[in-house]
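A closer look at the structure
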Amino acid sequence: MGFYKRYILSVILLQTAVCSFSQPFTDIINASAQSFSTHYRDSLKSKNYTNNYFLNVLFPKELKNGNVLLIRINAEWLNSYYINSSVSRTSDLYAVSVPMGMQFLSPNKKWKFLTMAITKISSDFSKIDNNSFQPGGILLATYIKSENLKFKLGLYYSKELFGDFFMPLAGIDWKATERLQFYGVLPSNYRIEYKLISGLYTGLNFKSYTRSYFLYIKNWNDYVKNREIQLKIFLDYYFTKKMVAFVEFGRTIDYYILQFKQNNNKDAVTYNPIYTQFYDGFSIAVGAAYRIRK
């Protein structure tokens, strides 16, 4: 294993997460693990186990004019198992991205504008080349009606292996009461949060992600498309002012990890049983973060 690959793998073990720029808190470091199990849609009723590991690190720098320089390092490790009475298989996929950009504050402090360029590599990491490179970016405008009400509109783009992926973004941040808040951007991530007691929060979280990974192993040169839509109940516990542990119980609404041949995003292949159709099911995630609430 070459030095570059060892370096990338070490980054995965140290940094994984999905970033969010619209919430009443900022996670400087966030680590989590999600476990999901279900059955494949085959005659053997084979078992699927899917584990996701994330860690995200943020490097913010506030400037004198109120603008903020933002650098993130995100990574993901997706571990999948296929098991039936006669055979078992496992596969690992990885992604590392580095979003870099600025959040601009208007002179009247009524608008914020987020612009970021995203460099991402995503594959089985048996090697790294242009096939696993996926550039992208995000633009997000926030209108600050008041401290308790904000409106957001934007666009996310990624050069995925199945083609150009554009996702319009829209959201409302509303602090309805001192205990109840609504925040996020749809269709990617939206939360309804309720403060139970000091340091303890609960609520509902809608999450939707679509990403892809290039396959080098066995010279398939195919790619895997992962679509994940979940509704979750979460519980956040602040055991210090800035250290939080959390748990999430989720139900998938539309979740698949399918393998496709290059230049074909309609017909999934079936010669690799790990990445074939399975049923929706339940998930559990646990994690911890160094978090600053606004």
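The structure contained in this document is the topic of the report that follows.

Parameters at a glance
- Residues numbered from 1 in each chain as written.
- Predicted model: local features only at pLDDT ≥ 70, side-chain atom pairs only at ≥ 80, totals over all residues.
- Heavy atoms only, no water.
- Patch = residues over 30% accessible without salt bridge, like charges linked within 9 Å, V, L, I, M, F, W, Y side chains within 5 Å.
- Areas by Shrake-Rupley, 256 points an atom, 1.4 Å probe, with all protein chains shown as cover.
- Salt bridge = Lys/Arg side-chain N within 4 Å of Asp/Glu carboxyl O.
- Helix = DSSP H or I, 4+ residues; strand = E, 2+ residues; numbered from the N terminus.
- Core = buried A, V, L, I, M, F, W, Y, C linked by side-chain atoms within 4.5 Å.
- Buried < 20%, exposed > 50% of the residue type's maximum accessible area, 1.4 Å probe, protein only.
- Contact = heavy atoms within 4.5 Å.
- Pairing = 2+ DSSP bridges.

1. Quick notes on a nonpolar patch on the surface
A cluster of nonpolar residues, Ile-192, Leu-204, Leu-231, Ile-233, Phe-249, Ile-253, Ile-284 and Val-286, forms a patch on the protein surface that exposes about 690 Å² of accessible area. Looking at the nonpolar patch, the elements with two or more residues in it are strand S12 (223-238), strand S13 (243-260) and strand S14 (282-293). In this fold, Ile-253 is placed in strand S13.

2. A look at the nonpolar core
Leu-70, Leu-114, Met-116, Leu-140 and Leu-169 are the most contacted members of the largest nonpolar core, which totals 17 residues. Of all elements in the fold, only strand S3 (68-83), strand S5 (111-123), strand S6 (136-146), strand S8 (163-175) and S13 reach the threshold of two or more residues within this core. Filtering out sequence-adjacent residues up to four positions away, Leu-140 remains in contact with Lys-112, Phe-113, Leu-114, Lys-152, Leu-153, Gly-154, Leu-169 and Val-185. Counting 14 residues, the second-largest nonpolar core is a separate cluster that includes Tyr-82, Ala-95, Tyr-255 and Ile-274.

3. Looking at the pairing of strand S4 (residues 88-105)
Across 14 bridges, the pairing between S3 and S4 is antiparallel. Pairing of Asn-79 across the sheet is with Asp-92, part of S4. As consecutive antiparallel partners, S3 and S4 are separated by four residues. Between S4 and the antiparallel strand that follows it, S5, lie five residues; Lys-109 among them carries a positive phi value of about 60°.

4. Regarding the environment of Ile-217
Here Ile-217 lies in the loop between strand S11 (200-214) and S12. In contact with Ile-217, not counting residues within four places along its chain, are Asp-124 and Ser-126.

5. Let's talk about the pattern of salt bridges
What the rule picks out here adds up to 16 salt bridges. Across the salt bridge formed by Asp-27 and Arg-291, the nearest N and O atoms sit 2.6 Å from each other. Residue Asp-27 is found in strand S1 (residues 25-39), and its partner Arg-291 is found in strand S14; the two are separated by 264 residues along the sequence. Relative accessible area serves as the criterion here: at 3%, Arg-291 is assigned to the buried category. Ionic pairing is found between Lys-232 and Glu-248, a salt bridge with its closest N-O pair at 2.9 Å. In this pair, Lys-232 is assigned in strand S12 and Glu-248 in strand S13, connecting sequence segments 16 residues apart. Side by side, Lys-232 and Glu-248 carry an identical accessibility label, which is buried.

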